[in-house]
Amino acid sequence: HAMDSLAQARDWMLLLGQKSAEERVATFLLRMAERQADTGCAKRAHESVANGTTIDVPITRAQIAAYLGLTIETVSRRLTALRDAKLIALQSSRSITLLDVPALQRTAGRLMDADCG
């Protein structure tokens with residue numbers, strides 16, 4: 001658990017310090033999907049995030065913006081750009097469907113290849 005916590009802290013520092021706004025939003029969406037699919041093993045959670053996965057976002061865009069260190073306008077523009085690129089579908093302000101997970105992972109700037117253990 002300590003190693004997982006350290007890895008999450010490292011990822012968070014990278015997210016806030018080095019990633020672009022689009023990478024941050026894509027990473028946020030993937031993390032939300034992983035949390036909803038989490039079975040206690042990172043590899044299985046990554047594998048169960050597939051095209052067509054719909055995630056419920058329990059916070060507002062303003063809260064997403066604060067969490068990611070962005071403005072609400074930037075979050076809205078990046079979500080629109082991801083929608084226009086056909087990576088996501090905005091079902092409502094709180095429901096998003098991931099249409100192209102591999103492309104979203106590339107946009108996030110990472111490959112989801114973590115393993116258990």
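What you are looking at is a predicted structure, and each value in this text was computed from that prediction instead of being measured.

Colleague: Hey, could you run me through helix H6 (residues 101-108) in this one?
Modeller: In an α-helix, one turn spans 3.6 residues; hence positions three or four apart end up facing the same way. Of all eight residues making up H6, six are buried, and the element is well covered by its neighbours. Buried within H6 we find Val101, Ala103, Leu104, Gln105, Thr107 and Ala108. Contact partners of the buried residues in H6: helix H2 (21-37), helix H5 (72-84), strand S2 (88-92) and strand S3 (95-98). The N-cap residue of H6 is Asp100: its side-chain oxygen and the backbone nitrogen of Ala103 are 3.2 Å apart. Count one or two residues on from H6 and you reach Gly109, which has phi positive near 80°.

Colleague: Explain the pattern of salt bridges to me, please; I cannot follow it from the model alone.
Modeller: A side chain with one charge may pair with a side chain of the opposite charge, provided their charged atoms come close. Inspection of the entire model under this criterion finds two salt bridges. Note that Arg78 and Glu22 form a salt bridge whose closest N and O atoms lie 3.3 Å from each other. Pair noted here: Arg78 is in helix H5 and Glu22 is in helix H2, with a separation of 56 residues, a long-range link. We classify Glu22 as partly exposed; its relative accessible area is 28%.

Rules used throughout
Residues numbered from 1 in each chain as written. Predicted model: local features only at pLDDT ≥ 70, side-chain atom pairs only at ≥ 80, totals over all residues. Heavy atoms only, no water. Buried < 20%, exposed > 50% of the residue type's maximum accessible area, 1.4 Å probe, protein only. Helix = DSSP H or I, 4+ residues; strand = E, 2+ residues; numbered from the N terminus. Contact = heavy atoms within 4.5 Å. Polar contact = N/O pair within 3.5 Å; in protein donor to acceptor, adjacent residues only side chain to side chain. Salt bridge = Lys/Arg side-chain N within 4 Å of Asp/Glu carboxyl O.

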